[in-house]
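Examining the three-dimensional arrangement
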Amino acid sequence: MRHHLILRVVTKLLVGAIILFALYVQFHGDFSPGGGFQAGVIMAVAFIIYGVVFSLRQAQRVFPPWLVHKLLALGVLIYAFTGLVSMALGYEYLNYGAFTPHHPEHGQHWGILIVELGVGVTVTGVMVAIYYAFAARPPTISDKDW
Amino acid sequence: MAAFTLEFIVGHVNYWLFTVLMMTGLYIVVAKGNLVKKIVGLNVFQTSVFMLYISMGKVTGGTAPIFPTDMQIDPDTVYSNPLPHVLILTAIVVGVATTSLGLALIVRIQEQFGTIEEDELLEIEKAMAAEDTRLHGEAMGGLA
Amino acid sequence: MLVMTALAIVRTRRLFATAMLSGVFSLLSAQLFVVLDAVDVAFTEAAVGAGISTVLMLGTLALTGRVEKRSTHSPFLPLLVVGMTGAVLIYGTLDMPNFGAADAPAQTHVSPDYLERSPHEIGVPNVVTAVLASYRGFDTLGETAVVFTAGIGVLFLISALRRRRETGDSGNDRKGA
(Lines give C-alpha, C1' and ligand atoms only; values in the text may rest on other atoms or scores of the structure.)
Protein backbone atom coordinates (compact mmCIF):
# COMPACT_ATOMS: atom_id res chain seq x y z
CA MET A 1 0.00 0.00 0.00
CA ARG A 2 2.86 2.34 -0.70
CA HIS A 3 0.75 4.68 -2.79
CA HIS A 4 -2.10 5.40 -0.37
CA LEU A 5 -0.83 8.58 1.22
CA ILE A 6 -4.05 9.50 3.03
CA LEU A 7 -4.43 6.06 4.50
CA ARG A 8 -0.89 6.14 5.79
CA VAL A 9 -1.19 9.55 7.43
CA VAL A 10 -4.54 8.74 9.01
CA THR A 11 -3.21 5.44 10.29
CA LYS A 12 -0.27 7.16 11.91
CA LEU A 13 -2.68 9.44 13.73
CA LEU A 14 -5.04 6.66 14.69
CA VAL A 15 -2.63 4.06 16.00
CA GLY A 16 -1.72 6.15 19.03
CA ALA A 17 -5.36 6.89 19.79
CA ILE A 18 -6.29 3.24 19.45
CA ILE A 19 -3.57 2.14 21.87
CA LEU A 20 -4.62 4.83 24.33
CA PHE A 21 -8.22 3.71 24.05
CA ALA A 22 -7.15 0.11 24.63
CA LEU A 23 -5.33 1.09 27.82
CA TYR A 24 -8.39 3.06 28.97
CA VAL A 25 -10.65 0.09 28.35
CA GLN A 26 -8.18 -2.15 30.14
CA PHE A 27 -7.80 -0.18 33.34
CA HIS A 28 -11.24 1.39 33.46
CA GLY A 29 -12.99 -1.92 32.89
CA ASP A 30 -14.35 -2.09 36.42
CA PHE A 31 -16.21 1.22 36.11
CA SER A 32 -17.46 1.14 32.54
CA PRO A 33 -17.96 -1.52 29.90
CA GLY A 34 -14.68 -3.10 29.04
CA GLY A 35 -12.03 -5.34 30.43
CA GLY A 36 -9.17 -7.56 29.45
CA PHE A 37 -10.82 -9.29 26.52
CA GLN A 38 -11.93 -6.12 24.77
CA ALA A 39 -8.73 -4.24 25.58
CA GLY A 40 -6.63 -7.08 24.24
CA VAL A 41 -8.55 -7.14 20.99
CA ILE A 42 -8.37 -3.36 20.54
CA MET A 43 -4.65 -3.33 21.29
CA ALA A 44 -4.11 -6.07 18.73
CA VAL A 45 -6.16 -4.11 16.19
CA ALA A 46 -3.73 -1.20 16.57
CA PHE A 47 -0.80 -3.39 15.52
CA ILE A 48 -2.81 -5.15 12.84
CA ILE A 49 -3.89 -1.89 11.20
CA TYR A 50 -0.27 -0.74 11.28
CA GLY A 51 0.80 -3.99 9.64
CA VAL A 52 -1.93 -3.81 6.99
CA VAL A 53 -1.33 -0.22 5.94
CA PHE A 54 2.45 -0.14 6.17
CA SER A 55 4.01 -3.55 5.92
CA LEU A 56 4.31 -6.65 7.99
CA ARG A 57 8.05 -6.09 8.31
CA GLN A 58 7.58 -2.64 9.83
CA ALA A 59 4.94 -3.89 12.25
CA GLN A 60 7.27 -6.66 13.31
CA ARG A 61 10.03 -4.16 13.95
CA VAL A 62 7.77 -2.36 16.42
CA PHE A 63 6.41 -5.50 18.01
CA PRO A 64 8.80 -8.37 17.24
CA PRO A 65 7.41 -11.93 17.00
CA TRP A 66 9.56 -13.30 19.80
CA LEU A 67 8.05 -10.70 22.15
CA VAL A 68 4.55 -11.63 21.00
CA HIS A 69 5.22 -15.27 21.73
CA LYS A 70 6.50 -14.45 25.22
CA LEU A 71 3.45 -12.24 25.94
CA LEU A 72 1.14 -15.05 24.86
CA ALA A 73 2.33 -17.22 27.72
CA LEU A 74 3.00 -14.37 30.15
CA GLY A 75 -0.69 -13.40 30.39
CA VAL A 76 -1.85 -16.87 31.39
CA LEU A 77 1.00 -17.06 33.90
CA ILE A 78 0.03 -13.70 35.45
CA TYR A 79 -3.49 -15.00 35.90
CA ALA A 80 -2.47 -18.35 37.34
CA PHE A 81 0.14 -16.85 39.67
CA THR A 82 -2.39 -14.40 41.09
CA GLY A 83 -4.32 -17.45 42.19
CA LEU A 84 -1.20 -19.05 43.65
CA VAL A 85 -0.32 -15.89 45.61
CA SER A 86 -3.76 -15.76 47.20
CA MET A 87 -3.34 -19.44 48.05
CA ALA A 88 0.06 -18.78 49.61
CA LEU A 89 -1.56 -16.13 51.79
CA GLY A 90 -3.89 -18.72 53.20
CA TYR A 91 -7.04 -18.07 51.15
CA GLU A 92 -8.71 -20.01 48.34
CA TYR A 93 -7.26 -20.05 44.85
CA LEU A 94 -8.15 -16.75 43.10
CA ASN A 95 -9.74 -15.24 46.22
CA TYR A 96 -8.38 -11.72 45.90
CA GLY A 97 -9.48 -10.73 49.37
CA ALA A 98 -6.16 -12.24 50.39
CA PHE A 99 -4.15 -9.21 49.27
CA THR A 100 -5.57 -6.82 51.87
CA PRO A 101 -7.06 -9.00 54.62
CA HIS A 102 -8.33 -6.08 56.70
CA HIS A 103 -10.24 -4.60 53.77
CA PRO A 104 -11.18 -7.34 51.29
CA GLU A 105 -12.92 -4.94 48.88
CA HIS A 106 -9.64 -3.32 47.97
CA GLY A 107 -8.03 -6.68 47.55
CA GLN A 108 -10.81 -7.68 45.18
CA HIS A 109 -10.29 -4.52 43.22
CA TRP A 110 -6.56 -5.13 42.88
CA GLY A 111 -7.09 -8.77 42.05
CA ILE A 112 -9.55 -7.93 39.28
CA LEU A 113 -7.15 -5.39 37.81
CA ILE A 114 -4.22 -7.82 37.78
CA VAL A 115 -6.24 -10.69 36.40
CA GLU A 116 -7.73 -8.50 33.67
CA LEU A 117 -4.22 -7.39 32.79
CA GLY A 118 -3.27 -11.05 32.39
CA VAL A 119 -6.27 -11.64 30.12
CA GLY A 120 -5.51 -8.53 28.08
CA VAL A 121 -1.87 -9.50 27.57
CA THR A 122 -2.77 -12.99 26.42
CA VAL A 123 -5.51 -11.84 24.06
CA THR A 124 -3.24 -9.19 22.52
CA GLY A 125 -0.51 -11.77 22.08
CA VAL A 126 -2.76 -14.37 20.52
CA MET A 127 -4.46 -11.98 18.09
CA VAL A 128 -1.21 -10.40 16.92
CA ALA A 129 0.48 -13.80 16.65
CA ILE A 130 -2.39 -15.11 14.54
CA TYR A 131 -2.22 -12.06 12.30
CA TYR A 132 1.54 -12.44 11.87
CA ALA A 133 1.13 -16.11 11.07
CA PHE A 134 -1.46 -15.40 8.36
CA ALA A 135 0.25 -12.37 6.90
CA ALA A 136 3.67 -14.00 6.69
CA ARG A 137 2.54 -16.52 4.10
CA PRO A 138 2.98 -15.64 0.45
CA PRO A 139 -0.47 -14.85 -0.98
CA THR A 140 -1.74 -16.75 -4.00
CA ILE A 141 -3.82 -13.83 -5.26
CA SER A 142 -2.07 -10.70 -6.42
CA ASP A 143 -3.31 -7.29 -5.35
CA LYS A 144 -4.81 -6.55 -8.74
CA ASP A 145 -7.16 -9.53 -8.71
CA TRP A 146 -9.18 -8.17 -5.83
CA MET B 1 -49.04 -26.22 25.86
CA ALA B 2 -49.74 -22.53 26.15
CA ALA B 3 -52.38 -20.98 23.98
CA PHE B 4 -51.21 -18.82 21.11
CA THR B 5 -52.29 -15.48 22.50
CA LEU B 6 -50.85 -12.26 21.12
CA GLU B 7 -48.78 -11.83 24.26
CA PHE B 8 -47.32 -15.29 23.85
CA ILE B 9 -46.37 -14.64 20.24
CA VAL B 10 -44.75 -11.28 20.96
CA GLY B 11 -42.86 -12.82 23.87
CA HIS B 12 -41.48 -15.62 21.76
CA VAL B 13 -40.91 -14.13 18.36
CA ASN B 14 -37.34 -13.21 19.32
CA TYR B 15 -36.51 -16.87 19.99
CA TRP B 16 -38.02 -17.81 16.64
CA LEU B 17 -35.99 -15.21 14.80
CA PHE B 18 -32.81 -16.47 16.43
CA THR B 19 -33.78 -19.98 15.46
CA VAL B 20 -34.21 -18.86 11.86
CA LEU B 21 -30.75 -17.26 11.92
CA MET B 22 -29.29 -20.37 13.50
CA MET B 23 -30.79 -22.55 10.83
CA THR B 24 -29.42 -20.25 8.14
CA GLY B 25 -25.98 -20.84 9.59
CA LEU B 26 -26.57 -24.57 9.76
CA TYR B 27 -27.74 -24.57 6.14
CA ILE B 28 -24.51 -22.88 5.05
CA VAL B 29 -22.47 -25.45 6.96
CA VAL B 30 -24.38 -28.40 5.52
CA ALA B 31 -25.06 -27.34 1.97
CA LYS B 32 -22.04 -25.30 0.89
CA GLY B 33 -18.90 -27.04 -0.26
CA ASN B 34 -16.40 -24.27 0.24
CA LEU B 35 -14.59 -24.54 3.55
CA VAL B 36 -14.27 -20.77 4.12
CA LYS B 37 -18.00 -20.46 3.60
CA LYS B 38 -18.58 -23.21 6.11
CA ILE B 39 -16.59 -21.25 8.69
CA VAL B 40 -18.72 -18.16 7.99
CA GLY B 41 -21.78 -20.34 8.47
CA LEU B 42 -20.46 -21.54 11.80
CA ASN B 43 -19.92 -17.91 12.80
CA VAL B 44 -23.52 -17.00 11.95
CA PHE B 45 -24.70 -20.01 13.94
CA GLN B 46 -22.51 -19.05 16.87
CA THR B 47 -23.63 -15.41 16.89
CA SER B 48 -27.28 -16.41 16.89
CA VAL B 49 -26.66 -18.64 19.90
CA PHE B 50 -25.09 -15.63 21.61
CA MET B 51 -28.17 -13.55 20.84
CA LEU B 52 -30.39 -16.26 22.27
CA TYR B 53 -28.44 -16.21 25.53
CA ILE B 54 -28.36 -12.42 25.80
CA SER B 55 -32.07 -12.14 25.10
CA MET B 56 -32.74 -14.56 27.96
CA GLY B 57 -30.89 -12.20 30.30
CA LYS B 58 -32.97 -9.17 29.35
CA VAL B 59 -35.46 -7.92 31.92
CA THR B 60 -38.19 -5.56 30.71
CA GLY B 61 -37.47 -2.04 31.90
CA GLY B 62 -34.01 -3.07 32.98
CA THR B 63 -30.75 -1.32 32.28
CA ALA B 64 -27.16 -2.41 31.78
CA PRO B 65 -25.74 -4.04 34.93
CA ILE B 66 -23.36 -1.23 35.84
CA PHE B 67 -23.81 0.59 39.14
CA PRO B 68 -23.26 4.32 39.61
CA THR B 69 -19.62 5.06 40.42
CA ASP B 70 -20.41 6.31 43.90
CA MET B 71 -22.07 2.95 44.60
CA GLN B 72 -25.27 4.65 45.79
CA ILE B 73 -27.61 2.11 44.32
CA ASP B 74 -31.20 3.06 43.81
CA PRO B 75 -33.16 -0.01 44.95
CA ASP B 76 -35.84 0.66 42.34
CA THR B 77 -33.53 0.30 39.39
CA VAL B 78 -33.92 -2.97 37.57
CA TYR B 79 -30.73 -4.40 36.14
CA SER B 80 -30.55 -6.99 33.42
CA ASN B 81 -28.99 -10.32 34.23
CA PRO B 82 -25.17 -10.02 34.13
CA LEU B 83 -24.49 -13.74 34.04
CA PRO B 84 -25.26 -14.43 30.36
CA HIS B 85 -23.18 -11.35 29.48
CA VAL B 86 -20.15 -12.83 31.22
CA LEU B 87 -20.57 -16.19 29.54
CA ILE B 88 -21.01 -14.71 26.07
CA LEU B 89 -18.23 -12.17 26.49
CA THR B 90 -15.66 -14.90 26.95
CA ALA B 91 -17.35 -17.08 24.35
CA ILE B 92 -16.93 -14.41 21.66
CA VAL B 93 -13.19 -14.14 22.18
CA VAL B 94 -12.78 -17.90 22.38
CA GLY B 95 -14.93 -18.09 19.25
CA VAL B 96 -12.64 -15.88 17.23
CA ALA B 97 -9.60 -17.81 18.46
CA THR B 98 -11.09 -21.11 17.36
CA THR B 99 -12.29 -19.57 14.09
CA SER B 100 -8.73 -18.55 13.34
CA LEU B 101 -7.62 -22.10 14.14
CA GLY B 102 -10.13 -23.34 11.57
CA LEU B 103 -8.92 -20.82 9.01
CA ALA B 104 -5.33 -21.91 9.66
CA LEU B 105 -6.36 -25.50 8.97
CA ILE B 106 -7.99 -24.35 5.73
CA VAL B 107 -4.79 -22.60 4.68
CA ARG B 108 -2.85 -25.81 5.31
CA ILE B 109 -5.41 -27.85 3.35
CA GLN B 110 -5.14 -25.43 0.45
CA GLU B 111 -1.36 -25.77 0.47
CA GLN B 112 -1.40 -29.53 0.69
CA PHE B 113 -4.17 -30.33 -1.80
CA GLY B 114 -4.56 -27.17 -3.84
CA THR B 115 -8.29 -26.85 -3.22
CA ILE B 116 -10.73 -26.03 -0.43
CA GLU B 117 -13.83 -27.42 -2.10
CA GLU B 118 -15.27 -30.37 -0.25
CA ASP B 119 -16.09 -32.45 -3.36
CA GLU B 120 -12.59 -32.19 -4.76
CA LEU B 121 -11.09 -33.01 -1.38
CA LEU B 122 -13.22 -36.15 -1.16
CA GLU B 123 -12.07 -37.21 -4.65
CA ILE B 124 -8.45 -36.76 -3.62
CA GLU B 125 -9.06 -38.69 -0.41
CA LYS B 126 -10.59 -41.56 -2.39
CA ALA B 127 -7.66 -41.64 -4.79
CA MET B 128 -5.23 -41.64 -1.88
CA ALA B 129 -7.08 -44.47 -0.15
CA ALA B 130 -7.07 -46.53 -3.34
CA GLU B 131 -3.37 -45.88 -3.78
CA ASP B 132 -2.73 -46.95 -0.20
CA THR B 133 -4.66 -50.16 -0.67
CA ARG B 134 -2.73 -50.95 -3.83
CA LEU B 135 0.64 -50.31 -2.18
CA HIS B 136 -0.40 -52.39 0.81
CA GLY B 137 -1.44 -55.22 -1.48
CA GLU B 138 1.87 -55.12 -3.33
CA ALA B 139 3.80 -55.12 -0.10
CA MET B 140 1.94 -58.21 1.07
CA GLY B 141 2.83 -59.96 -2.17
CA GLY B 142 -0.71 -60.11 -3.45
CA LEU B 143 -1.90 -61.99 -0.37
CA ALA B 144 -3.81 -59.15 1.26
CA MET C 1 -31.81 -6.86 8.79
CA LEU C 2 -29.86 -9.69 10.38
CA VAL C 3 -31.90 -12.29 8.56
CA MET C 4 -31.41 -10.45 5.26
CA THR C 5 -27.66 -10.31 5.77
CA ALA C 6 -27.56 -13.99 6.62
CA LEU C 7 -29.54 -14.86 3.49
CA ALA C 8 -27.19 -12.72 1.42
CA ILE C 9 -24.29 -14.74 2.80
CA VAL C 10 -26.02 -17.89 1.63
CA ARG C 11 -26.66 -16.52 -1.86
CA THR C 12 -23.40 -14.91 -2.83
CA ARG C 13 -20.63 -16.97 -4.35
CA ARG C 14 -17.93 -14.34 -4.14
CA LEU C 15 -16.09 -15.06 -0.93
CA PHE C 16 -14.83 -11.49 -0.62
CA ALA C 17 -18.43 -10.32 -0.33
CA THR C 18 -19.09 -13.15 2.10
CA ALA C 19 -16.29 -11.99 4.41
CA MET C 20 -17.56 -8.40 4.27
CA LEU C 21 -21.14 -9.50 4.90
CA SER C 22 -20.06 -11.47 7.94
CA GLY C 23 -18.50 -8.26 9.25
CA VAL C 24 -21.80 -6.46 8.63
CA PHE C 25 -23.61 -9.27 10.40
CA SER C 26 -21.36 -8.85 13.44
CA LEU C 27 -21.92 -5.10 13.60
CA LEU C 28 -25.69 -5.51 13.37
CA SER C 29 -25.65 -8.10 16.12
CA ALA C 30 -23.54 -5.73 18.25
CA GLN C 31 -26.31 -3.15 17.90
CA LEU C 32 -28.81 -5.77 18.98
CA PHE C 33 -26.69 -6.49 22.05
CA VAL C 34 -26.76 -2.81 23.02
CA VAL C 35 -30.54 -2.83 22.78
CA LEU C 36 -30.59 -5.90 25.02
CA ASP C 37 -28.52 -4.08 27.69
CA ALA C 38 -25.37 -6.13 27.13
CA VAL C 39 -22.95 -3.27 26.49
CA ASP C 40 -19.85 -5.30 27.34
CA VAL C 41 -20.84 -7.99 24.90
CA ALA C 42 -21.68 -5.47 22.20
CA PHE C 43 -18.28 -3.90 22.65
CA THR C 44 -16.53 -7.23 22.28
CA GLU C 45 -18.63 -8.30 19.32
CA ALA C 46 -17.96 -5.05 17.47
CA ALA C 47 -14.21 -5.21 18.07
CA VAL C 48 -13.83 -8.92 17.42
CA GLY C 49 -16.47 -9.70 14.83
CA ALA C 50 -16.21 -6.62 12.68
CA GLY C 51 -12.48 -6.06 13.21
CA ILE C 52 -10.34 -9.11 13.75
CA SER C 53 -12.35 -11.87 12.15
CA THR C 54 -12.90 -9.87 8.96
CA VAL C 55 -9.14 -9.28 8.70
CA LEU C 56 -8.51 -12.98 9.29
CA MET C 57 -11.10 -13.99 6.69
CA LEU C 58 -9.51 -11.70 4.14
CA GLY C 59 -6.08 -13.05 5.05
CA THR C 60 -7.31 -16.57 4.44
CA LEU C 61 -8.92 -15.59 1.15
CA ALA C 62 -5.65 -14.06 0.01
CA LEU C 63 -4.00 -17.41 0.68
CA THR C 64 -6.64 -19.63 -0.88
CA GLY C 65 -8.94 -18.21 -3.51
CA ARG C 66 -11.88 -15.96 -3.72
CA VAL C 67 -14.54 -17.66 -5.78
CA GLU C 68 -16.64 -20.49 -4.54
CA LYS C 69 -17.43 -23.29 -6.93
CA ARG C 70 -21.07 -23.80 -7.79
CA SER C 71 -22.40 -26.64 -5.73
CA THR C 72 -23.45 -29.70 -7.66
CA HIS C 73 -25.65 -31.16 -4.97
CA SER C 74 -29.35 -30.47 -4.86
CA PRO C 75 -30.23 -28.25 -1.91
CA PHE C 76 -33.29 -30.27 -0.95
CA LEU C 77 -31.73 -32.71 1.51
CA PRO C 78 -29.93 -29.96 3.49
CA LEU C 79 -33.11 -27.88 3.46
CA LEU C 80 -35.06 -30.82 4.81
CA VAL C 81 -32.53 -31.44 7.59
CA VAL C 82 -32.38 -27.76 8.49
CA GLY C 83 -36.16 -27.39 8.41
CA MET C 84 -36.62 -30.35 10.72
CA THR C 85 -34.00 -29.12 13.16
CA GLY C 86 -35.56 -25.66 13.15
CA ALA C 87 -39.01 -27.05 13.76
CA VAL C 88 -37.77 -29.04 16.74
CA LEU C 89 -35.98 -26.00 18.16
CA ILE C 90 -39.04 -23.79 17.76
CA TYR C 91 -41.13 -26.47 19.43
CA GLY C 92 -38.61 -26.30 22.28
CA THR C 93 -39.02 -22.54 22.65
CA LEU C 94 -42.77 -22.88 23.23
CA ASP C 95 -42.11 -23.77 26.86
CA MET C 96 -39.80 -20.81 27.41
CA PRO C 97 -40.81 -17.77 29.45
CA ASN C 98 -41.82 -14.59 27.66
CA PHE C 99 -39.11 -12.24 26.49
CA GLY C 100 -38.09 -9.86 29.27
CA ALA C 101 -40.04 -11.63 31.98
CA ALA C 102 -38.57 -10.81 35.37
CA ASP C 103 -39.66 -14.12 36.91
CA ALA C 104 -37.96 -16.35 34.35
CA PRO C 105 -35.79 -19.15 35.78
CA ALA C 106 -32.66 -17.49 34.39
CA GLN C 107 -33.45 -14.35 36.39
CA THR C 108 -34.19 -16.03 39.70
CA HIS C 109 -31.35 -18.46 40.30
CA VAL C 110 -27.88 -17.04 41.09
CA SER C 111 -27.98 -13.73 39.22
CA PRO C 112 -29.89 -11.64 41.80
CA ASP C 113 -27.36 -12.94 44.28
CA TYR C 114 -24.51 -11.54 42.23
CA LEU C 115 -26.31 -8.22 41.80
CA GLU C 116 -26.98 -7.94 45.53
CA ARG C 117 -23.66 -9.10 46.89
CA SER C 118 -21.18 -7.57 44.50
CA PRO C 119 -21.56 -3.92 45.70
CA HIS C 120 -20.31 -4.68 49.20
CA GLU C 121 -18.24 -7.78 48.50
CA ILE C 122 -16.32 -6.59 45.46
CA GLY C 123 -17.00 -2.87 45.31
CA VAL C 124 -16.70 -2.66 41.54
CA PRO C 125 -19.47 -0.81 39.70
CA ASN C 126 -19.45 -2.99 36.60
CA VAL C 127 -21.08 -6.22 37.72
CA VAL C 128 -20.06 -7.98 34.52
CA THR C 129 -16.40 -7.41 35.37
CA ALA C 130 -16.95 -8.45 38.97
CA VAL C 131 -18.59 -11.72 37.99
CA LEU C 132 -16.10 -12.30 35.18
CA ALA C 133 -12.93 -11.85 37.17
CA SER C 134 -13.92 -12.67 40.72
CA TYR C 135 -16.97 -14.87 41.20
CA ARG C 136 -16.20 -16.83 38.07
CA GLY C 137 -12.45 -16.43 38.05
CA PHE C 138 -11.92 -20.11 37.31
CA ASP C 139 -14.05 -19.90 34.20
CA THR C 140 -12.13 -16.95 32.94
CA LEU C 141 -8.81 -18.63 33.67
CA GLY C 142 -10.03 -21.55 31.59
CA GLU C 143 -11.16 -19.27 28.75
CA THR C 144 -7.82 -17.51 28.73
CA ALA C 145 -6.13 -20.88 28.54
CA VAL C 146 -8.36 -21.83 25.59
CA VAL C 147 -7.48 -18.62 23.74
CA PHE C 148 -3.81 -19.30 24.49
CA THR C 149 -4.09 -22.87 23.21
CA ALA C 150 -5.84 -21.78 20.01
CA GLY C 151 -3.07 -19.24 19.40
CA ILE C 152 -0.42 -21.91 19.90
CA GLY C 153 -2.33 -24.18 17.54
CA VAL C 154 -2.37 -21.56 14.79
CA LEU C 155 1.33 -20.93 15.28
CA PHE C 156 2.10 -24.63 14.96
CA LEU C 157 -0.13 -25.04 11.93
CA ILE C 158 1.05 -22.18 9.81
CA SER C 159 4.33 -20.85 11.16
CA ALA C 160 6.31 -23.77 12.50
CA LEU C 161 5.46 -26.34 9.86
CA ARG C 162 6.78 -24.12 7.15
CA ARG C 163 10.19 -24.13 8.77
CA ARG C 164 10.18 -27.91 8.82
CA ARG C 165 9.31 -28.14 5.16
CA GLU C 166 12.03 -25.69 4.23
CA THR C 167 14.60 -27.99 5.79
CA GLY C 168 13.67 -30.63 3.23
CA ASP C 169 11.19 -32.76 5.08
CA SER C 170 8.57 -32.58 2.36
CA GLY C 171 8.28 -36.39 2.45
CA ASN C 172 5.56 -38.31 0.68
CA ASP C 173 2.61 -36.45 2.18
CA ARG C 174 2.09 -34.66 -1.11
CA LYS C 175 1.37 -37.72 -3.16
CA GLY C 176 -2.33 -37.09 -3.43
CA ALA C 177 -1.94 -33.55 -4.68
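Owing to the predicted nature of the structure, the values given are computational and were not obtained by experimental measurement. Sequence order as written defines the numbering, with residues in each chain counted from 1. Here chains are named by letter from A upward and ligands by number from 1 upward, in the order in which they appear as written. Owing to the predicted nature of the model, reporting of local features is limited to residues with pLDDT of at least 70; listing and counting of side-chain atom pairs is limited to 80 or more, with chain, interface and lining totals taken over all residues. Each side-chain value is derived from all of the structure's non-hydrogen atoms; neither hydrogens nor water enter the calculation.

Quick look at the overall build of chain B
Runs of H or I in DSSP of at least four residues are treated as helices and runs of E of at least two as strands, each being numbered from the N terminus. For chain B, the helix and strand inventory stands at four helices and zero strands. Starting at the N terminus, the α and β elements of chain B follow one another as α-α-α-α. Buried means the residue's accessible area, taken with a 1.4 Å probe over protein chains only, is under 20% of the maximum for its type, while exposed means over 50%, and partly exposed covers the values in between. Going through the 144 residues of chain B one by one, you find that 52% of them count as buried. Between two residues, a contact is recorded if the distance between any of their heavy atoms is within 4.5 Å. Pairs at least 24 apart in sequence give 46% of the contacts found in chain B among residues at least 6 apart. The Shrake-Rupley method, run with a 1.4 Å probe, gives the accessible areas here. Residue values count only the displayed protein chains as cover. When the accessible surface of chain B is summed, it comes to about 6,500 Å², and 66% of that surface belongs to carbon and sulfur atoms.

Structural notes on helix α2 (residues 15-35) of chain C
Residue and element names in this part refer to chain C. The span expected for a helix works out to 1.5 Å for each residue beyond the first. Compared with an ideal rise of 1.5 Å per residue, which puts 21 residues at 30 Å, α2 spans 30 Å between its outermost C-alpha atoms and is within 8% of the ideal. When we look at burial in α2, the residues that qualify are Leu-15, Ala-17, Thr-18, Ala-19, Ser-22, Gly-23, Phe-25, Ser-26, Leu-28, Ser-29, Ala-30 and Phe-33. One or two steps after α2, the chain reaches Asp-37, where phi turns positive at roughly 75 degrees.

Regarding the interface of chain B and chain C
Contact residues are listed per partner, giving 87 residues for chain B and 90 residues for chain C. Counting each side, the surface lost to burial between chain B and chain C is near 7,900 Å², with a carbon and sulfur contribution of 74%. The term buried area denotes the loss of accessible surface (1.4 Å probe radius) that occurs when two parts are joined, taken as the sum for both partners. When residues of chain B are sorted by the area they lose upon contact with chain C, Tyr-27, Lys-37 and Lys-58 of chain B head the list and together hold 8% of the total. Between Lys or Arg on one side and Asp or Glu on the other, a salt bridge is scored when a side-chain nitrogen of the former is within 4 Å of a carboxyl oxygen of the latter. Applying the counting criterion to the chain B and chain C interface returns zero salt bridges. Residues adjacent in sequence count toward polar contacts only when both atoms are side-chain atoms; beyond that, a polar contact is any pair of N or O atoms within 3.5 Å, and within protein one must be able to donate a hydrogen and the other to accept it. The tally of links from chain B across to chain C stands at three residue pairs in polar contact (both at pLDDT 80 or more). Elements that contribute at least two residues to the side of chain B that touches chain C include exactly α1 (6-31), α2 (35-57), α3 (82-113) and α4 (118-139) of chain B. In terms of residues, the side of chain B that touches chain C owes the most to one element, α3 of chain B, which gives 25 residues. Under the scheme applied, nonpolar residues are Ala, Val, Leu, Ile, Met, Phe, Trp, Tyr, Cys and Pro; charged residues are Asp, Glu, Lys and Arg; polar residues are all the others, including Gly. Taken together, the residues of the side of chain B that touches chain C break down into 54 nonpolar, 23 polar and ten charged.

What about the UniProt feature "transmembrane region" (unreviewed entry) in chain B?
Residue and element names in this part refer to chain B. Within this numbering scheme, the UniProt entry marks residues 12-30, 42-67 and 87-107 as carrying the feature "transmembrane region" (unreviewed entry). For the annotated span residues 42-67, helix accounts for 62% and strand for 0% of the residues, and the straight-line distance between the end C-alpha atoms is 35 Å. Within residues 87-107, the helical portion is 100% and the strand portion 0%, while the C-alpha atoms at the span's ends are 30 Å from each other. UniProt positions are given in the numbering used here, feature names are shortened, and annotations may be inferred rather than shown by experiment.

A few points about empty space enclosed by the protein
The distinction between a cavity and a pocket rests on a 1 Å grid over the protein atoms alone: a 1.4 Å probe fits inside a cavity but cannot get out, while a pocket stays open yet meets protein on both sides within 12 Å along at least five of seven lines, and a residue with an atom within 4 Å of a point counts as lining. Grid points are joined across faces, edges and corners, and a volume is the space filled by probe spheres set on the points. All told, the structure shown has one cavity of 30 Å³ or more when counted by the stated rule. Estimated volume of the largest cavity: approximately 180 Å³. Only α2 and α3 of chain B together with α2 and α3 (39-63) of chain C provide two or more residues apiece to the lining of the largest cavity. For the lining of the largest cavity, the element with the most residues is α2 of chain B, which contributes five residues. Its residues assigned to classes, the lining of the largest cavity shows six nonpolar, nine polar and one charged.

So, the packing of helix α5 (residues 104-135) of chain A against α3 of chain C
Packed helix pairs are characterised by how far apart their axes lie and by the angle those axes make with each other. Note on geometry: axes are C-alpha line fits, over the in-contact stretch for helices, and angles between N-to-C directions span 0 to 180 degrees. Contact geometry for α5 of chain A and α3 of chain C: axes closest at 10 Å, N-to-C directions at 20 degrees. By the angle between their directions, the pair α5 of chain A and α3 of chain C is classed as roughly parallel. Here α5 of chain A and α3 of chain C pass one another in a crossing that is left-handed. Listed contacts from α3 of chain C to Met-127, Ile-130, Tyr-131 and Phe-134 of chain A of α5 of chain A are Ile-52, Val-55, Leu-56, Gly-59, Thr-60 and Leu-63 of chain C. Class assignment for the residues of the contact of α5 of chain A with α3 of chain C results in eight nonpolar, two polar and no charged. Reported orientations rely on four angle classes, namely roughly parallel under 35 degrees, roughly antiparallel over 145, roughly perpendicular from 65 to 115, and oblique for the rest. Left-handed describes a crossing in which the near helix is turned anticlockwise from the far one by less than a right angle; the clockwise case is right-handed.

Some words on the side chain of His-85 of chain B
Here His-85 of chain B is to be found in helix α3. Beyond its immediate stretch of four places on either side in the chain, His-85 of chain B contacts Ile-54 and Pro-65 of chain B together with Leu-36, Asp-37, Ala-38, Val-41 and Val-128 of chain C.

Points about the interface of chain A and chain B
Taken residue by residue, the interface counts ten residues in chain A and eleven residues in chain B. Across the chain A/chain B interface, buried area totals approximately 930 Å², and carbon plus sulfur atoms make up 80% of it. Among the residues chain A hides against chain B, the three largest losses belong to Phe-37, Phe-134 and Arg-137 of chain A. Together they make up 50% of the total. On the surface where chain A and chain B come into contact, there are zero salt bridges. Linking chain A with chain B are zero residue pairs in polar contact (both at pLDDT 80 or more), by the criterion used here. Counting only elements with at least two residues in the side of chain A that touches chain B, the list comes to α2 (36-53) and α5 of chain A. With four residues, α5 of chain A is the single largest residue contributor to the side of chain A that touches chain B.

Details of the nonpolar core
Counting 104 residues, the largest nonpolar core has Tyr-132 and Phe-134 of chain A together with Phe-33, Ile-52 and Ile-158 of chain C as its most contacted members. When residues in this core are grouped by element, the largest group, 14 residues, is from α5 of chain A. Counting the residues that make up this core, at least three belong to each of domain 1 (1-69) and domain 2 (136-168) of chain C. Each residue touching Ile-158 of chain C, except ones within four places of it in the same chain, is listed here: Ala-133, Phe-134 and Arg-137 of chain A together with Ala-104, Val-107 and Arg-108 of chain B. Here, nonpolar core means buried Ala, Val, Leu, Ile, Met, Phe, Trp, Tyr and Cys residues that are tied together by side-chain atoms lying within 4.5 Å of each other. Either an automatic procedure or a domain database provided the assignment from which the domain bounds are taken.

What about a nonpolar patch on the surface?
All names here are of chain A. A grouping of Leu-5, Ile-6, Val-9, Val-10, Leu-13 and Leu-14 is seen on the molecular surface, where their side chains present a nonpolar patch of about 600 Å² in accessible area. For Leu-14, the location among the structural elements is in helix α1 (residues 5-27). You can call Leu-14 partly exposed: its relative accessible area is 38%. Patch membership is restricted to residues that have no salt bridge and whose relative accessible area is over 30%. Joining uses 9 Å for like charges and 5 Å for the nonpolar side chains Val, Leu, Ile, Met, Phe, Trp and Tyr.

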